[in-house]
Amino acid sequence: MSRLASHETSPIAPSATIFHGGRIRTVDEQNSTAEAMLVIGNRIAAVGNPEHCRAAAAELTTAAPAVVDLQGRTVVPGFLDPHAHPLMYGQLLSWVDCGPDVAPDIPTMLERLKKAAAGTPGNTPIRGYGYEHRNLAERRHPTRQEFDTVSTSREVYVMNASGHGGVVNSFVLEQAGIGKDTPNPPGGTFFRDADGELTGELSDAACDILTGAEGVKLGHHGPNFHLGDSKEQHRAQLLHAQREFLSHGVTTIGDAQVTKREFSAYLDLVERGELVARVNAYFLSSLLDEVLELGLVDKFGDSLLSFAGIKLYADGTLGGWTAYFPEGYRDDPCRTGSLYHEPAEYKALVAKAHGAGLQTATHAQSPTAIQLVLDAVASALEASPRKDHRHRIEHCGLPTLEQIDRMAELGIMPVNQPQHYYNWGPGVTDAIGSPGERFNPLGEFVAASVPVTMSSDAPVADPRPLEAIQTSVTRLTRSGVQLGGDQLKIDAVEALRAHTINGARAMGREHELGSLEPRKLADFVVLAADPLEVSPGEISGIEVLETWVNGVQVYAG
């Protein structure tokens, strides 16, 4: 049993609450369980049995503690989602759902878009999300000509489920001056058919054309989902996204692509007192020089909104076939995907960030891209040794066994998304063949003593940690298929740690978040059942009953 030292109490007695009558999963180093937890103010003060917590309350505060009977329910630490895009997620929640559950084929997608156009006045853009071409009955991308049947006088855009591109109508291309002979931008593609005509599909840096004349331009530093919405729209979108995260028990979010758009939206919510979930901001590598010029090389911000590091991109996405496979994709050998940076340029970016003491988080999916990250980090560490650098590889979908061992040697942390496997795992084998069966090889990370960390990448997947935990334990996709062997699975204990304490470590916040221990911030979730006790196939169905941040209930189911 443990408690907060009495010298840390405030002279003005804060509120105190004892939670008891259920199971408390502390997720500490011993994976302990407890019968009760004392919260004083915004911090956990003691964990143990009810008698211990009552004694601690009497010692630490003059306030009579309130008592909450958990009625047999389970408490776990607040889930951490170290890689997501909250503003983009909120944005898409107002778009037309074109996912496989509601739009299994292109005619149905067009029908939904036309219905939205009929109900949307003027020149308002018609935007959709969630399609993945291998999930469509036609097993292909829609075309600009098909989207022209929705409108020829305003923007029509449907984002691929990966977030790394999508399809537009002819109007968008014409407004941007994109024609048959327009060269592809570095790090992006305007796709063409066998006759060289534009199909309407675009990816990654080519999405710059969607942001408007005054919009954020990313160049070859990342996929551009910065569409031209107003400040008030951003506020509404971010609030909507925050409600969704909290409803699934997510209390801390790593925003994995922050530009002036996202940062401005967060500051607006802070000024209004509306930011509830904690946010760690990873600024995009295009802003690295500005970050260094401002001197943001130490921890900056507070426990609610803070600057965490630099986000980079090595290659594209498996879902959109833009991850880099120089040998080509199985069904389209001419399509190789792309690298965002030449190796020397990428290595220089990592070296500059590392040399300033910053953490880097690099999107890399293919073995070639992952090797690019490993080589750059090794070079940076040789030039400027730093033991606890916390450099991350985001997604890290298909590392080789040798690369996993190298990650262990270098201290690099992968941040995986099991829900990608759940939603479109079979599509990876369709794209690259049998090597795709190892997609998200969490069990191999554990075997190599590489810490497993899980996130949603929302809006690519909904921020549902319990769904991610179930998938990592079962390796079953949405269609019930298991790809690869059982050695790729992890157990429920590892999975819970991956979405709590390991997520805190990935964001450098394990001293205050990720487990239920004295002195840590009182962020926790009340679940209807224990995810470590139910059968693996029932984990995602556990109801999130309450979410608490800073000792305050911020969601009740």
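The structure under discussion appears in the preceding block.
Note that residues are indexed from 1 along each chain, following the sequence as it is written. pLDDT decides what is reported in this predicted model: residues at 70 or higher carry local features, side-chain atom pairs at 80 or more are listed and counted, and totals for whole chains, interfaces and linings draw on all residues regardless. Water and hydrogen atoms were dropped before computing side-chain values, which therefore reflect all heavy atoms in the structure.

Caption draft 1: A look at the overall build of the protein. Helical segments are the DSSP runs of H or I of at least four residues, strand segments are the runs of E of at least two, and each set is numbered from the N terminus. Each helix and strand counted, the protein has 16 helices and 24 strands in total. For the radius of gyration, the atom set is restricted to C-alpha positions; the globular benchmark scales as 2.2 Å times the number of residues to the power 0.38. The C-alpha radius of gyration computed for the protein amounts to 24 Å, which stays within 12% of the reference 24 Å derived for 557 residues, consistent with globular compactness. Along the first, second and third principal axes, the C-alpha set of the protein runs to 80 × 55 × 50 Å. A 1.4 Å probe rolled over the protein chains alone gives each residue an accessible area, and that area as a share of the maximum for its type sets the label: buried under 20%, exposed over 50%, partly exposed in between. The proportion of buried residues among the 557 residues of the protein is 58%. Accessible surface computed for the protein: about 20,700 Å², of which carbon and sulfur atoms make up 50%. All accessibility values rest on the Shrake-Rupley procedure with a 1.4 Å probe; residue burial counts only the protein chains present in the view.

Caption draft 2: The nonpolar core, seen in detail. Core analysis: the largest hydrophobic core is formed by 66 residues, its most contacted members being Ile 310 and Ile 393. Sorting elements by how many residues they give to this core places helix α10 (residues 367–383) first, with 10 residues. In this description, contact between two residues means that some pair of their heavy atoms is separated by no more than 4.5 Å. Once residues within four sequence positions are removed from consideration, Ile 310 is found in contact with Tyr 282, Phe 283, Ser 285, Leu 288, Val 291, Ala 353, Leu 358, Gln 359, Thr 360 and Ala 361. Here, nonpolar core refers to any group of buried Ala, Val, Leu, Ile, Met, Phe, Trp, Tyr and Cys residues whose side-chain atoms link them within 4.5 Å.

Caption draft 3: Looking closely at the sheet that holds strand β9 (residues 126–131). In this description, strands pair whenever DSSP reports at least two bridges between them. Read from one edge of the open sheet, 6 strands run β8-β9-β10-β11-β13-β12, paired in mixed fashion. With partners counted over all chains shown, the strands left at the sheet margins are β8 (96–97) and β12 (188–192), one partner each. By the bridge criterion, 4 bridges tie β12 to strand β13 (residues 198–204) in an arrangement that is antiparallel. Its bridge partner lying in β13, Thr 189 is registered against Ser 203.

Caption draft 4: A look at the pairing of strand β19 (residues 392–395). Judged from the 4 bridges that link them, strand β18 (residues 359–364) and β19 form a sheet pairing that is parallel. Among the inter-strand pairings, Ala 361 is bridged to a residue of β19, identified as Arg 392. Following the chain from β18 across α10 to the adjacent parallel β19, one finds a crossover that is right-handed. Sheet topology note: the β19/strand β20 (residues 413–416) ladder contains 3 bridges and is parallel. Of the residues in β20, the one forming a bridge with Ile 393 is Pro 414. The definition of a right-handed crossover adopted here requires that, viewed with the strands pointing away, the path from the first strand over the helix to the second runs clockwise.

Caption draft 5: Highlighting the side chain of Asp 457. Turning to its location among the elements, Asp 457 is positioned in the loop between β21 (453–454) and α14 (465–474). Within the local environment of Asp 457, its side chain forms a polar contact with the side chain of His 420, the two groups lying 3.4 Å apart. In contact with Asp 457, other than residues within four places in its own chain, are Asp 81, His 83, Ala 84, His 85, His 395, Gln 417 and His 420. Within 3.5 Å is the distance limit for a polar contact, defined as a pair of N or O atoms, with the added protein rule that one can donate a hydrogen and the other accept it, and that residues adjacent in sequence qualify only through two side-chain atoms.

Caption draft 6: Spotlight on the packing of helix α9 (residues 343–355) against α10. Taken N-terminus to C-terminus, the directions of α9 and α10 make an angle of 45°; their axes are 9 Å apart at the nearest point. Between α9 and α10, the crossing angle belongs to the class labelled oblique. Taken as a pair, α9 and α10 cross one another with a handedness that is right-handed. Between α9 and α10, the contacting residues are Pro 343, Tyr 346, Lys 347, Val 350, Ala 351 and His 354 on the first element and Leu 372, Val 373, Asp 375, Ala 376, Val 377, Ser 379, Ala 380 and Leu 381 on the second. A breakdown of the residues in the contact of α9 with α10 according to their chemical character gives 10 nonpolar, 2 polar and 2 charged. Note on geometry: axes are lines fitted to C-alpha atoms, helical ones only across the stretch in contact, with angles between N-to-C directions running from 0 to 180 degrees. For this classification, under 35 degrees means roughly parallel, over 145 means roughly antiparallel, 65 to 115 means roughly perpendicular, and everything else is oblique. Helix crossings get a hand from a simple test, with the near helix turned counterclockwise from the far one by less than a right angle marking a left-handed crossing and a clockwise turn marking a right-handed one. Under the convention adopted here, Pro, Cys and the residues Ala, Val, Leu, Ile, Met, Phe, Trp and Tyr are nonpolar, Asp, Glu, Lys and Arg are charged, and Gly plus all remaining residues are polar.

Caption draft 7: Quick look at the pairing of strand β7 (residues 79–84). Judged by how many residues are buried, β7 sits mostly within the fold: 6 of 6 residues are covered. Summarising the sheet, β7 and strand β14 (residues 250–258) pair through 4 bridges and their orientation is parallel. By the bridge assignment, Asp 81 is partnered in β14 with Ile 253.

Caption draft 8: Just the side chain of Ser 472, in detail. Note on placement: Ser 472 falls in helix α14. We classify Ser 472 as buried; its relative accessible area is 2%. Of the polar contacts made by the side chain of Ser 472, one reaches the backbone oxygen of Ile 469; its length is 2.8 Å. Those residues in contact with Ser 472 that lie beyond four places of it in its chain are Pro 418, Leu 442, Met 454, Lys 489, Ile 490 and Ala 495.

Caption draft 9: Structural context of the packing of aromatic side chains. Stacked, tilted and edge-to-face are the three classes applied to pairs of Phe, Tyr and Trp rings, where Trp contributes its six-membered ring and a pair requires centres within 6.5 Å; stacked means planes under 30 degrees apart, edge-to-face means over 60, and tilted covers the rest. Enumeration according to the criterion identifies 11 aromatic pairs in this entry. Relative to Tyr 340, the ring of Tyr 313 lies with its centre 5.2 Å away and its plane at 45°, an arrangement referred to as tilted. Residue Tyr 313 is located in strand β17 (residues 305–313), and its partner Tyr 340 is located in the loop between β17 and α9; the two are separated by 27 residues in the primary sequence. Residue Tyr 313 is classed as buried on the basis of its relative accessible area, which comes to 2%. For Tyr 340, a relative accessible area of 3% translates into the label buried. Cluster of aromatic residues (ring-pair linked, three or more members): Phe 19, Phe 524 and Trp 548.

Caption draft 10: Looking closely at the environment of Glu 517. Checked against the element boundaries, Glu 517 lands in the loop between α16 (501–506) and β22 (524–527). For Glu 517, a relative accessible area of 28% translates into the label partly exposed. Sequence separation between Glu 517 and Val 47 is 470 residues; the distance between their C-alpha atoms is 6.7 Å. Not counting residues up to four positions away in its chain, the partners in contact with Glu 517 are Asp 28, Ile 44 and Val 47. For Glu 517, the side chain forms a polar contact with the side chain of Ser 515, separated by 2.5 Å.

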